[in-house]
Structures are given as C-alpha cells and as structure tokens.
Amino acid sequence: MKKKLVLGVLLLSQTLMWAQGPNQTGRYYATADGTKGKSLKTALHQIIKNPDVDSYDQLWVDYKYSDVGRNGYIMDLYSIMSYYEYYTHQQGVVKVTSGNAGEGICYNREHSMPKSWFGGIGALPMATDLMHVFPTDYYVNSRRNNYPYGTTSGEKFTSYGGFSKFGKSTNTAYDGLVFEPNKEYKGDLARVYFYMATCYEKDIPTWTSVTSSASNKVQEIFSGNAHTPFVPWVMELLMKWAKEDPVSQKEIDRNNMVYRIQGNRNPFVDFPGLEEYVWGKQQQKVFRYGSYAGAHYTSGTITEPTTPFDASTVKASKGTQTYEKVDYSGDLELGASYLIVNETHGQGMGDIVVISKKTQRSPMAVEINGDRITTKFNTGYSPHELILGGKRGEYTLYDPATGSYLALNAAATQLDVETSRSSNTAKWSIKFDKGNVKIKNVAFPEYFICYNTTASNPRFSTCKSSGRYNAYPQLYKKVGSLRDATAIDNPETEAGSPAVEVYTLQGVKVRTAASYAEAMENLPQGLYIVNGKKVRVQ
C-alpha cells in the first residue's frame, strides 16, 4: 500500500483528478476543452482576461524575476550589445543625455504593442500587462517608437550587428515604416500579439495604430473585428513568424513567472501552434488541453485544491526565526508565514492595542540587516507572524497568536479582528510597489494597512492615503517558510522502493518518479517540493 500523501494546503480542501496540461498548468485551460476556432478563442479569453497587473513602476522590480537570464543580465529583445544588470542599468538610474545617448547605455520598458494604440499609460490593465511589456535597449526602443512590426532593409536604422532594423516595409501589402526584430524573437512577439488579441478580445476592435505624430498616421493594422483583429498582411506575418521561430525555453520560463506575478498565462506559449486552431488550418479541430497534439509534455493526473486555503489549519508556533523581504507577487505563498514591517522605524506589527476606542496593532522593534530580519515572534514584546490564506485578490492574514484574522469591519482608520475568513472585511488584495506592499481591504478597497507615525501613538492601522504620517509597510517572509512541508510523508511504490513525488509551491503534484533523476528531468526553472524538501531547479 502506498502511504497517503498529505500537504498542509490540502488538509481541508476537496480534491479532483484531472488531465495534466503543459508547464504544470493543471486544469487551468479546462473550460476551453472541446471548443474550436472562434469559440476556442473566446473560451481562452474568459480564462486569461483581467490580469492582476502591477503598477508601471513595479515592472522594474518584476523584471528581476521575469527577464534576467542565467548569465545575470537582462534579456534584451532588441539589441545584442547590451549587458544590462538589473537596476544598475535602468533608465532613470542611468541618466540619458545628448552626450551619452546611443545603443548599449541603458534599458527601459517597451510596450511591444505600443500604448498609444490602446489609449496610453492610463489604459489598464493593458498598459502594465507584463506579458507584453519587455525590458529593451533604450536607444533601439526609441528608434522603434510606436511603429508596427514588419520586414525592412533597415535603411533608416540598424542596431549593432544587424540584430534589429527600422525602415520602409518590404511587404507589398504595406508601404509604411516598420520595425523588424531579430529572427530569434519574431516568434516570441507573434505569440505576444496572439495573447493580446485573446486577452483583450472585447477591447481590441476599438484600438487604432498611430505613430507619436498625429500628422504621421500609419496605415491601420487593426481590422476592427474581435475574432481576427489584425488586417490580413499582419496576421499572415505573425503566423509565419510563429511557425519559423518555435516556442523556446525562455518563453516558457517567462510565461510561468508572469503567471506567478499577475495570475494569467499565454496559451500560445503553453500550446505551441495553437494559433492554427484559432485562425489557421486547424480551425475545425477540437482543442483538448490534456492531450494536445504538438505540445511536448506527458499527460497525467494532478491533485488540485478547489477551495481557498484555510490559514487557520497552520499550527501556531513561537520562538526565533529569520525573515526575508518580499518585493514581488510571485513570492506570495499560501500557508507561508510573514511579518508586516515598517523599515524606516524598525518596527514589526505586534499585539492588539486599543487607541481612541479603535483597534490597532502595536509596533514591536525589529533589527533589519539588509533584506533580512532575525527576531523572536509571538512571544511577549515581539512581532506577530501572519499566515497567508485565501486566494489571489482575496487573501486572508491569519494571526495564530490571537486566533483571528486581520480585518476592517467598518470604514474607519482601525485594524480590527475577525474570527471568520469568509467575510470580505477579512479579505485583502496584496500588491507590491518598488519595495512597499499595498494591502487593501476587499470590503473597503479605499483603505490599506499602513504604519501611522503619529508621535504620541505610533501604530499599525489602516489609512486612506499615504503621506506625512501614514506610510506603506513592507512584507517579510519566513526563510524556508514552506506550507507545512514536514506533513508530507515519504510514499512508496507498490514494489516497496521509495517513490519521488514532486509538488509545486501551490500544492499541485506534477510528477511521481522511480528515481530523483527522473523526477527532476526537464522541469522548468523554479522552486518545488521533492519528497518534503524545497528544491530549486535552475
């Protein structure tokens, strides 16, 4: 008999068995199963729409996780002469002047689908959708401006080594100016455009392709049709590029990371050639997410939680522990332990205290060394650990020391408690903004958790706006704070030899193998639980 495998996140969750999709996607695409053509695209739209995007400033931080290559440098789609380090070579950190302007100076944020086409930087979520906003060479990006992609001889500009080009289109169907990326990334960008056409299916018919100069309007690349939003020559070019430049491991890794950050995926990366099912020669073929022809993965079964994680199932503890700063959404882990901190004043959120008849949280001193804190917790005058529960957009923050959830039970500046995790007053959205964390209440979204620095009674409370006295806090995660990994028993095969079980940090089993080597073979980059221990795959 195999021993039963128990993971903390699944202790009280119902489970279902489903065919496994690619890249550990489980049943993410299940509702598109059995559809085809136009109906398939709309089904995919329903799955990936409304991404939980970060702010424009936070994208700089996100790039550290989504776009730094194994050589430690930013992966630049437009230039091969750039060796950009995260942060050090960001536009703004590097001051661009007329004296140093040129390729290889710094990188900035490039909207592969220009933001002017859909309404500018204020048009959310598309303006900060990480799926299509890449880090690229500042100078080459400026030459591309907001012209469409196409093929050109590059008579107006050619980047170092002929890597990318800008000039008059060589396509007989279009005589305007175009930017031609290198063949290494043509498929990447084509699949991003397929993603945009699908994610924003209801919006894209209203988009208009214009250059930065109103007097220099380019020929329209949009058709005004929700299903086939690009004019024929653009659609043909994108389909050609996608076929000639197949999905790479870089795309798979980035897609997985974007999913961790904003909660949606690019199906055209997960299912290579899917564009043929939507717009091409396979439109009459039914899509099957668990047995897709052409995708290189093994079908199988996974155990997937079907209810929000109940943080109160995590046992209360106390003592001394080390915590590490969190600065992006991908490091939010259900069942993990966190401290809410104000770095400026060296304070962590502690006991319940009543000030002016309002429930608040008292500050407890912590010593911050770099991005780490080592402190006692849940004991006397020390900060309280909070266990992350719920689900994306509706997280709960459970305090085992008090047996309650952080809550805001009325629209007032206080930080209350709630014994039920089902109330919206005990649910929070959590987003990061260049080192700070914005924890907003679901019932009263205009309020966020803040550190109130009023001299007479500094405390953790809720505020409507940051300012002189009210500051956004920071979030620190317990080092090695995996969801009760010790609750995983070591399963055995029927023959009695140890079996190797591999789980994602989200509690999804992705593989059972006879040996450790087989279990780790061809896993995408990331953190996994292998027989109860956290393992990083590089």
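Structure: see above.
Since we're looking at a predicted model, the values are computed, not measured.

Asker: Residue-level account of the packing of aromatic side chains, with values.
Answerer: For any pair of aromatic rings, geometry is given as the distance between the ring centres together with the angle between the planes. Taken as a whole, this structure holds 32 aromatic pairs when the rule is applied. Taking the centre distance of 5.2 Å and the plane angle of 50° together, the rings of Tyr147 and Phe166 count as tilted. A residue pair is termed long-range when its members are at least 10 positions apart, and Tyr147 in the loop between helix H3 (138–144) and strand S4 (157–158) and Phe166 in strand S5 (residues 165–168) qualify at 19 residues. Residue Tyr147 shares its accessibility class with Phe166, and that shared class is buried. Above the ring of Tyr56, the side-chain terminus of Arg109 is found at 3.6 Å from the ring centroid.

Asker: Go over the side chain of Asp399 with me, naming the residues and quoting the values.
Answerer: Within the secondary structure, Asp399 sits in strand S15 (residues 394–399). A polar contact is formed between the side chain of Asp399 and the side chain of Arg361, at a distance of 2.8 Å. Engagement of the side chain of Asp399 in a polar contact is seen with the side chain of His384, the distance being 2.8 Å. If we skip the residues at most four places from it in the chain, Asp399 touches Arg361, His384, Glu385, Leu386 and Ser404.

Asker: Account for the packing of helix H2 (residues 58–66) against helix H6 (residues 249–262), naming residues and giving values.
Answerer: Put simply, H2 and H6 touch, their axes get as near as 10 Å, and they point 135° apart. Comparing their axes, H6 and H2 come out oblique. H6 is crossed by H2, and the crossing has right-handed handedness. Contact with H2, carried on its side by Asp62, Tyr63, Tyr65 and Ser66, involves Arg254, Met257 and Ile261 of H6 and no other residues of that element.

Asker: Any details on the nonpolar core? Residues and values, ideally.
Answerer: Grouped together as the largest cluster of nonpolar side chains are 74 residues, with contacts concentrated most on Phe194, Trp207, Phe230, Leu274 and Phe287. Every element with two or more residues in this core is listed here: helix H1 (37–48), H2, strand S3 (133–137), strand S6 (177–180), helix H4 (183–199), helix H5 (232–244), H6 and helix H8 (274–278). With 10 residues, the single largest contributor to this core is H4. Leaving out residues up to four positions away in the same chain, Leu274 has contacts with Leu40, Leu44, Pro267, Phe268, Phe287 and Tyr292. With 23 residues, the next largest nonpolar core counts Leu386, Leu388, Tyr395 and Ile430 among its residues.

Conventions we followed
- Residues numbered from 1 in each chain as written.
- Predicted model: local features only at pLDDT ≥ 70, side-chain atom pairs only at ≥ 80, totals over all residues.
- Heavy atoms only, no water.
- Phe/Tyr/Trp six-rings, centres within 6.5 Å; stacked < 30°, edge-to-face > 60°.
- Helix = DSSP H or I, 4+ residues; strand = E, 2+ residues; numbered from the N terminus.
- Buried < 20%, exposed > 50% of the residue type's maximum accessible area, 1.4 Å probe, protein only.
- Lys NZ or Arg CZ within 6 Å of the ring centre and 35° of its normal.
- Polar contact = N/O pair within 3.5 Å; in protein donor to acceptor, adjacent residues only side chain to side chain.
- Contact = heavy atoms within 4.5 Å.
- Axes fitted to C-alpha atoms, helices over the stretch in contact; angles between N-to-C directions.
- Parallel < 35°, antiparallel > 145°, perpendicular 65-115°, else oblique.
- Left-handed = near helix turned anticlockwise from the far one by under 90°.
- Core = buried A, V, L, I, M, F, W, Y, C linked by side-chain atoms within 4.5 Å.

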